[in-house]
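Residue strings, one per chain:
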Amino acid sequence: MSETSLVFTNANVLTLDRQNRRAGSVAVSNGNIIGIWDEAVPPKDSIRITENTNVVDLKGATLLPGFIDTHNHIMMYALMRDQVNCSTPPNETIADIAEAIATKVKETPDRHWIQGYGYDDTLLYEKRHPTREDLDKVSPNNPVIIKHISGHLAVANSLALEYGGLTDTTPDPQFGGHFGRDEAGRLNGVLYEPGAITPVSNQVPKKNLNQMVNALEKTSEEYLTQGITTNSDAKVNDLEELEAHLEAAKRGLNPMRTKLMIMHHLLADDAPFAGYTHAQLDKEIREHSNGLAELDSAKMFQDGSIQGLTGALRKPYHQNPEIYGDLIHDQKSFQEEVLDLHKRGFRVTTHGNGDRAIGSILDAYEYAIEKHPRPNHRHRIEHVQTGTPDDLAKMAALDVAGSFFINHVYYWGDRHERIFLGPERASRISPLADAVKNDLLFTLHSDCPVTPISPLFSVWAAVNRKTREGKILGPEQRIDVITALKTMTIYGAELNFDEDSSGSLETGKQADFTVLTEDPTSVDPDTIKDIAIKATFIDGKPVYGRTLVGN
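What comes next concerns the included structure. Small disclaimer: the values here were computed from a predicted structure and weren't measured.

So, about the overall build of the protein. What the protein contains, in helices and strands, is 18 helices and 24 strands. Computed over its C-alpha atoms, the radius of gyration of the protein comes to 24 Å, within 12% of the 24 Å expected for a compact globule of 551 residues. Expressed along its principal axes, the backbone C-alpha trace of the protein runs to roughly 80 × 55 × 50 Å. Long-range contacts, defined as pairs at least 24 residues apart, comprise 71% of the intrachain contacts of the protein with a sequence gap of at least 6. Accessible surface computed for the protein: about 21800 Å², of which carbon and sulfur atoms make up 48%. Taken together, the 56 basic and 78 acidic charged side chains of the protein have centroids lying 1 Å from each other.

This part is about the sheet that holds strand 10 (residues 114–119). Taking strand neighbours across the sheet as the criterion, the 6 strands line up as 9-10-11-12-14-13 in an open arrangement whose pairing is mixed. Each of the sheet's edge strands pairs with one partner strand only, and the pair in question is strand 9 (84–85) and strand 13 (178–181). One ladder, built from 3 bridges, connects strand 11 (residues 144–148) with strand 12 (residues 153–156); its direction is antiparallel. Residue pairing for strand 12: isoleucine 145 is matched across the bridge by alanine 156. Running over the sheet, helix 5 (residues 193–201) touches strand 11, strand 12, strand 13 and strand 14 (187–192) and is turned about 115° from strand 14.

Our focus in this paragraph is the pattern of salt bridges. Counted under the stated rule, the structure contains 36 salt bridges. As a salt-bridge pair, lysine 394 and aspartate 363 come within 2.8 Å of each other at their nearest N and O atoms. Taken as a pair, lysine 394 in helix 11 (residues 389–397) and aspartate 363 in helix 10 (residues 355–371) lie far apart in primary sequence, 31 residues in all. In this structure aspartate 363 comes out as partly exposed when scored by relative accessible area, which is 34%. Residue glutamate 499 is joined to arginine 378 by a salt bridge in which the shortest nitrogen-to-oxygen separation is 3.1 Å. Of the two residues, glutamate 499 sits in the loop between helix 17 (490–495) and strand 22 (513–516) while arginine 378 sits in the loop between helix 10 and strand 19 (380–383), which places them 121 residues apart along the sequence. For glutamate 499, a relative accessible area of 23% gives the class partly exposed.

On to the packing of helix 10 against helix 11, then. Between helix 10 and helix 11, whose axes approach to 10 Å, the crossing angle comes to 25°. As far as their axial angle goes, helix 11 and helix 10 are roughly parallel. For the pair helix 10 and helix 11, the sense of crossing is left-handed. Residue-level contacts link Asp355, Ile358, Gly359, Leu362, Asp363 and Glu366 of helix 10 to Asp391, Lys394 and Met395 of helix 11. Class assignment for the residues of the contact of helix 10 with helix 11 results in 3 nonpolar, 1 polar and 5 charged.

Moving on: the sheet that holds strand 22. Taken in spatial order, the 6 strands make up an open sheet running 3-2-7-22-23-24, and their pairing is mixed. Whereas interior strands pair on both sides, the edge strands pair on one side only; in this sheet they are strand 3 (22–23) and strand 24 (541–544). Strand direction decides the pairing type here: strand 2 (residues 12–14) and strand 7 (residues 62–65), joined by 2 bridges, are parallel. Across the sheet, residue valine 13 finds its bridge partner in strand 7, namely leucine 63.

Once that is clear, we can look at the nonpolar core. Counting residues in hydrophobic clusters, the biggest one holds 98 residues, and the most contacted among them are Phe67, Leu281 and Ile381. For isoleucine 381, the contacting residues outside a window of four places in its chain are Thr350, Gly352, Ile358, Ile361, Leu362, Tyr365, Met395, Val400, Ala401, Gly402 and Ser403. Membership of the second largest hydrophobic core comes to 19 residues, among which are Ala23, Val28, Ile36 and Leu505.

Here helix 10 spans 24 Å end to end across 17 residues, near enough to the 24 Å set by a 1.5 Å rise per residue. Of the positions making up helix 10, those classed as buried are Asp355, Ala357, Ile358, Gly359, Ser360, Ile361, Leu362, Ala364, Tyr365, Ala368 and Ile369. Check the buried side of helix 10 and you find it contacts helix 9 (331–343), strand 18 (348–352), strand 19 and helix 11.

For the rest of this paragraph, the subject is the packing of helix 6 (residues 209–225) against helix 7 (residues 239–250). At their nearest, the axes of helix 6 and helix 7 sit 9 Å apart, and the two run at 55° to each other. The orientation of helix 6 relative to helix 7 falls into the category oblique. Considering the relative orientation of helix 6 and helix 7, their crossing is right-handed. Together, Leu209, Met212, Val213 and Leu216 of helix 6 and Glu240, Glu241, Glu243, Ala244, His245, Glu247 and Ala248 of helix 7 make up the contact between the two elements.

For the rest of this paragraph, the subject is the pairing of strand 10. Most of strand 10 sits out of view: 5 of its 6 residues are buried. Bridging between strand 9 and strand 10 involves 2 bridges; their strand directions are parallel. Residue pairing for strand 10: valine 84 is matched across the bridge by glycine 116. For the crossover that starts at strand 9, traverses helix 2 (residues 94–106) and ends in the parallel strand 10, the hand is right-handed. With 4 bridges connecting them, strand 10 and strand 11 associate as parallel partners.

Moving on to the state of the cysteines. Put plainly, two cysteines are in a disulfide when a covalent bond ties their sulfur atoms together. Across all of its chains, the model carries 0 disulfides by this definition. With no disulfide of its own, cysteine 86 has cysteine 448 as its nearest cysteine by sulfur position, at a separation of 17 Å. We classify cysteine 448 as buried; its relative accessible area is 1%.

Let's shift gears to the packing of aromatic side chains. Scanning the model with the defined rule gives 14 aromatic pairs in all. With a centroid separation of 5.1 Å and 45° between ring planes, the pair formed by phenylalanine 457 and tryptophan 460 is classed as tilted. Here phenylalanine 457 and its partner tryptophan 460 are both found in helix 15 (residues 455–464), 3 residues apart, which amounts to about one turn of the helix. Judged by relative accessible area, which is 2%, tryptophan 460 ranks as buried. Taken together through their ring pairs, the aromatic side chains of Phe405, Tyr410, Tyr411, Trp412, Phe457 and Trp460 make up a single cluster. Here the guanidinium or amino end of lysine 529 rests over the ring plane of tryptophan 460, the centre of that ring lying 5.4 Å away.

It is worth spelling out helix 9 at this point. Note: α-helices contain 3.6 residues per turn, so residues at a spacing of three or four share the same orientation. For helix 9, spanning 13 residues, the distance from its first C-alpha to its last is 18 Å, which sits close to the expected 18 Å at 1.5 Å a residue. All buried positions along helix 9 are accounted for by Phe334, Gln335, Val338, Leu339, Leu341 and His342. Taken down its axis, helix 9 places every buried residue within 165° of arc, on the same side. Projecting away from the buried face of helix 9 at angles above 90 degrees are the exposed residues Lys332 and Lys343. On its buried side, helix 9 packs onto strand 17 (293–301), strand 18 and helix 10. Where helix 9 ends, the next residue or the one after it, glycine 345, has phi of about 90°, a positive value.

Cut-offs applied
Residues numbered from 1 in each chain as written. Predicted model: local features only at pLDDT ≥ 70, side-chain atom pairs only at ≥ 80, totals over all residues. Heavy atoms only, no water. Helix = DSSP H or I, 4+ residues; strand = E, 2+ residues; numbered from the N terminus. Rg over C-alpha atoms; globule rule 2.2 N^0.38 Å. Contact = heavy atoms within 4.5 Å. Areas by Shrake-Rupley, 256 points an atom, 1.4 Å probe, with all protein chains shown as cover. Lys, Arg positive; Asp, Glu negative; His and termini not counted. Charge placed at Lys NZ, Arg CZ, Asp CG, Glu CD. Pairing = 2+ DSSP bridges. Axes fitted to C-alpha atoms, helices over the stretch in contact; angles between N-to-C directions. Salt bridge = Lys/Arg side-chain N within 4 Å of Asp/Glu carboxyl O. Buried < 20%, exposed > 50% of the residue type's maximum accessible area, 1.4 Å probe, protein only. Parallel < 35°, antiparallel > 145°, perpendicular 65-115°, else oblique. Left-handed = near helix turned anticlockwise from the far one by under 90°. Nonpolar A, V, L, I, M, F, W, Y, C, P; charged D, E, K, R; others polar. Core = buried A, V, L, I, M, F, W, Y, C linked by side-chain atoms within 4.5 Å. Expected span 1.5 Å × (residues − 1). Right-handed = clockwise from strand over helix to strand, strands pointing away. Disulfide = S-S within 2.5 Å. Phe/Tyr/Trp six-rings, centres within 6.5 Å; stacked < 30°, edge-to-face > 60°. Lys NZ or Arg CZ within 6 Å of the ring centre and 35° of its normal. Arc of directions from axis to C-beta.

Below you can see the structure in the form of structure tokens.
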């Protein structure tokens, strides 16, 4: 009998296994679960307890599998934490944002970059984007770029546009974005989507490796306080970001199990990973991270943001009937790239908010699957914001999984109804009940930093579908608490190809846990988001809440 390293007693254990078993005690050895018992204390002689065993009396607290967030941008979040907060709140007007920029200017040498994040034009008093002129007034001698809350738009001042080589005569990118212009056709500083943002953002000096690793360490600590034990970075842009992830994992500075979505341009011809198969790249990532990081997928985008009017819709925007949004790739080249990645064994993950983009993605996946049949591909669509019943049925037919950005309901549901989509389409955003009906493999996610990192908030949003203004948006698309919890645990494990080793509390699985003050299945559903995380364990070791749970 091996020595037991950790025992939970007097616990309310939600295993979230297929039988939704509940239990009273759990034991761990060598990083794996070795026993689960109905009793509050393991039966005598069932385990070997020594002076080195950490015995934790949970006193009725709830024990769950560690949460799995399958889509967020931890690196982006880590790197923006020293930028200017342009969000609403605290900023209510463009003048407020300008004042925040002006404060940063006072402490920044001329010609050095200033970055901001989080502005939302539809929450500002003026109901418009800031412009280059707004930023020029307070920062004539520093290049400035501030990102929209969606991450799909930005605003640059004149000096930043100059540094990016952009002039009033610069044509719009052929694909993947466009430039905002005033009535005279002059650039107004608003940049839509990566094709327009990249010329400017590429001029911003990058942080060095140690700065990136240190930022990841600090940010991972915040994730651990939310009970997250496995985390997916949904957009690894370049080799520097990849190296920082691997170094943070190898040095144990980010203790979470990390899944990485590698941007597709890094896998193309003449790119760093040209010709690599999924297995080859995954092997390198594991070897350089002591096995703590793994390859999730090749990441692509096929549209932008609905609240940025760049999500590609089949019918026009509610208050902008001339706008349908934009597809990023033409269908032919998109399909051929998906086919190439599919044949090389990659799982393909594609961002799709608008229903026209979702349809385009499904056509590309279908093309690849028919040309090169491959079982268990688990290709993904990210956000699935306006998927129609037909879209979800086709996802099911093709075995395509979905990761739903459910937090949209709370943060933008009211504005989707009034401004972007209208009542009928808004009531169907993130159609989780339809996903259940179609037996889709699906998860929920925060898309942090677009919304704060919090699995319990996402569970709350899925169960209640309450908007910021208190409206229940599309009540027929609500799901039950157990299903919502599974989207952040065992379904996430399945999406990660890890269902045999994580995602539920079962003998032999990894000892990844989160401890909650209350049972989400027994409280008023409206209070689920307010339940506190008491502790987080990875491999049976406390990584958050050490003073509560011992060594």
